[in-house]
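# Architecture and fold: a report
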Amino acid sequence: MKKREAVIVGVADVPLQNGKVTESLSVLQVQARAARDALKDAGLSMGDVDGLLTAGMWGVPGPGQLPTLTLAEYFGITPRYMDATNIGGSAFEAFVAHAATAIEAGRCDVALITYGSTQKSEKSRNLAGRPSVLTMQYETPWGMPTPVGGYAMAAKRHMHEYGTTSTHLAEIAVATRKWAQRNPAATMRDPLTIDDVFASPMISDPLHLLDACLVTDGGGAIVMTTAEHARALGRPPVYVRGYGESNTHWTMSGMPDLARLTAAEIAGREAFRMAGIGHDAIDVAQIYDSFTITVLLTLEALGFCKRGEGGAFVSGQRTAPGGAFPLNTSGGGLSCCHPGMLGIFLLIEAVRQLRGECGERQVQNARTALVHGTGGTLSSGATCILSRS
Amino acid sequence: MYEKPLPVIDPESQPYWDALKQHRLLLKHCRACERFHHYPRELCPHCHSDDLEWKQAAGTGRIYTYTVARRPAGPAFKPDAPYVVALVELDEGPRMMTNIVTTDVESVRIDQRVTVQFDDVTPEVTLPKFTVSPV
């Protein structure tokens, strides 16, 4: 038996109204509030934190170039373990893995993971490509709407190889909206049909506006410590049973196979092997939904269905409330929130499901959850398998 | 005045962009594993050898995948929308990001044969783009 076992003991996110933080806040304030609330949830205080893990898109160029240094100073802490590995929106699933490793090795006792974004309030997003330097000089000059064009090209290729349809993709958007309707904190809660998805403007063929995630603000935090410490605090621990991560590319011409999420295959295989469980043991899944196609590709890559069968897997509202495969129960990035990097919010929802705190959207008897983050443009993948016992 | 993003040419990419100005498309070729790659690198991404050379590509290939950009990648591309952004798989093997130049964006399909054409967008920069080859 392991001497030290890492657990998640606190989570929090900041409330949003119409996708924006409810009062005007800086991106540092957003993270401070999320951290304060997650530590309170854990029964801990900022002074207990000796590990800090963060990634973001704020303050660049500037203090955001060294985000752990900036946040440690801002929080008034002196961590002995730090990680600012930026692999995109999947960074937070990787952070849970890295923090678990650090805690179990005795590198830190209380790890704080944070994320914050005020992109909606700042109106800072558009479809322009990345600066045309180094590897991006071979991509940006041709005007791919970024990032949607990369996902659109993956969807086109998947449709070509496997006969996947726009209806399959719309099934995911509709099912996710049904979960959002059960989540009072979700941004988009109006009823949605497959025809509504088709009626929304085509952005980048074959993806419609409603195949794409929201653009919102957001802030979240996660606190991890040892199982022993959690017991002493009297808080319900969520165990980290398995994890894995990988990456294949960032420019689209470097993606090995646009109809296949290789990084997720590697990450998922490692996570399942470490957890020592099969797919049937997963009661609820939180899978990065930057776009509908992201979910379909990830379901195949993680082995919930065979390659090419993602369309059939999600048909008939199978991932909606009451369906056989509860997926993205907060309403996900498509309907709840998507503040640039979604990964931390998937983890927060998984923890709340495992603790039975989800009210109307609670998955009955949720004991084991899978969380998978995707970063870059279908580039990196990181999987965590969490359980309440 | 060309307002779209231009490549920021660096010492590694200079030969690639210089050749394009002369309407030649270059690829890096590995003498160790005999495979081509794009974009050009210092080490072969397939076998990691440093025994590399430039070779001229035939300029032909097929559409591996594409999208029709209905919303432009920023204001500079707005007059072009809708336009086709594609990954072309060259006959030598590597894929490259490009545009399919066409008056009918709806006619573009995966697996269509394409041929390079050179778009001299500024005196310094020529972008390789592709047109669908006559059947």
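To start, this report covers the structure provided alongside it. Note that the structure is predicted; figures quoted are calculated from it, not measured. (Residues numbered from 1 in each chain as written. Chains lettered and ligands numbered in written order. Predicted model: local features only at pLDDT ≥ 70, side-chain atom pairs only at ≥ 80, totals over all residues. Heavy atoms only, no water.)

### Side note on the overall build of chain A
For chain A, the helix and strand inventory stands at 13 helices and 13 strands. Over its C-alpha atoms, taken along the principal directions, chain A stretches across nearly 55 × 45 × 40 Å. Going through the 389 residues of chain A one by one, you find that 62% of them count as buried. For chain A, long-range pairs separated by at least 24 residues make up 75% of all intrachain contacts whose partners lie at least 6 apart in sequence. With the model as given, the accessible surface of chain A reaches about 13,900 Å², and the carbon-plus-sulfur share is 50%. Across chain A, 33 positive and 35 negative side-chain charges occur, with their mean positions spaced 3 Å apart. (Helix = DSSP H or I, 4+ residues; strand = E, 2+ residues; numbered from the N terminus. Buried < 20%, exposed > 50% of the residue type's maximum accessible area, 1.4 Å probe, protein only. Contact = heavy atoms within 4.5 Å. Areas by Shrake-Rupley, 256 points an atom, 1.4 Å probe, with all protein chains shown as cover. Lys, Arg positive; Asp, Glu negative; His and termini not counted. Charge placed at Lys NZ, Arg CZ, Asp CG, Glu CD.)

### What to know about the pattern of salt bridges
Residue and element names in this part refer to chain B. Taken as a whole and assessed by the stated rule, the structure comprises 23 salt bridges over all chains. For the salt bridge of Lys4 with Asp80, the shortest nitrogen-to-oxygen distance reads 2.5 Å. Residue Lys4 is located in the segment before helix H1 (14-21), and its partner Asp80 is located in the loop between strand E4 (60-69) and strand E5 (83-90); the two are separated by 76 residues in the primary sequence. Given the relative accessible area of 18%, Lys4 is considered buried. Put simply, Lys129 and Asp119 hold a salt bridge, and the shortest N to O gap is 2.8 Å. In this pair, Lys129 sits in strand E8 (residues 126-132) while Asp119 sits in strand E7 (residues 113-120), placing the two residues 10 residues apart along the sequence. The class for Asp119 is partly exposed, based on a relative accessible area of 26%. (Salt bridge = Lys/Arg side-chain N within 4 Å of Asp/Glu carboxyl O.)

### Details of the sheet that holds strand E2 (residues 36-37) of chain B
All names here are of chain B. If you trace the 3 strands from one edge of the open sheet to the other, you get E2-E1-E3, paired in antiparallel fashion. Only two strands of the sheet have a single neighbouring strand rather than two, namely E2 and strand E3 (52-56). In terms of strand pairing, strand E1 (residues 26-30) meets E3 through 5 bridges, oriented antiparallel. Within E3, the position partnered with His29 by the bridge is Glu53. (Pairing = 2+ DSSP bridges.)

### A few points about the packing of aromatic side chains
Within this structure, the stated rule accounts for 13 aromatic pairs over all chains. Look at Tyr138(A) and Trp17(B): their rings are 6.3 Å apart centre to centre, the planes differ by 10°, and that puts the pair in the stacked class. Here Trp17(B) lies in helix H1 and Tyr138(A) lies in the loop between helix H4 (119-122) and helix H5 (148-162), a pairing that spans two chains. When the centroid spacing of 5.0 Å and the interplanar angle of 75° are considered together, the rings of Phe313(A) and Phe325(A) count as edge-to-face. With a gap of 12 residues between them, Phe313(A) in helix H11 (residues 310-314) and Phe325(A) in the loop between H11 and helix H12 (332-336) connect regions that are remote in the sequence. Residue Phe313(A) is classed as buried on the basis of its relative accessible area, which comes to 10%. The buried category is assigned to Phe325(A), whose relative accessible area is 10%. An aromatic cluster is built from Phe92(A), Phe95(A), Tyr115(A) and Phe345(A), whose rings are joined through pairwise contacts. Here Arg318(A) stacks its cationic end above the ring of Phe313(A), 4.3 Å away from the centre of that ring. (Phe/Tyr/Trp six-rings, centres within 6.5 Å; stacked < 30°, edge-to-face > 60°. Lys NZ or Arg CZ within 6 Å of the ring centre and 35° of its normal.)

### Considerations on the interface of chain B and chain A
If you look at the interface, chain B gives 40 residues, while chain A gives 34 residues. Of the roughly 3,100 Å² buried where chain B meets chain A, counting both sides, 60% is carbon and sulfur surface. On the chain B side of the interface with chain A, the three residues burying the most area are Tyr39(B), Arg71(B) and Met97(B), jointly 22% of the side's total. Linking chain B to chain A there are 1 salt bridge. With its nearest N and O atoms 2.7 Å apart, the salt bridge here joins Asp205(A) to Arg70(B). Linking chain B with chain A are 21 residue pairs in polar contact (both at pLDDT 80 or more), by the criterion used here. Elements with a contribution of two residues or more to the side of chain B that touches chain A: H1, E4, E5, strand E6 (95-100) and E8 of chain B. Ranked by the residues each element gives to the side of chain B that touches chain A, the list is headed by E4(B), at 7 residues. Among the residues making up the side of chain B that touches chain A, the classes are represented as 26 nonpolar, 7 polar and 7 charged. (Buried area = accessible area lost by both parts, 1.4 Å probe. Polar contact = N/O pair within 3.5 Å; in protein donor to acceptor, adjacent residues only side chain to side chain. Nonpolar A, V, L, I, M, F, W, Y, C, P; charged D, E, K, R; others polar.)

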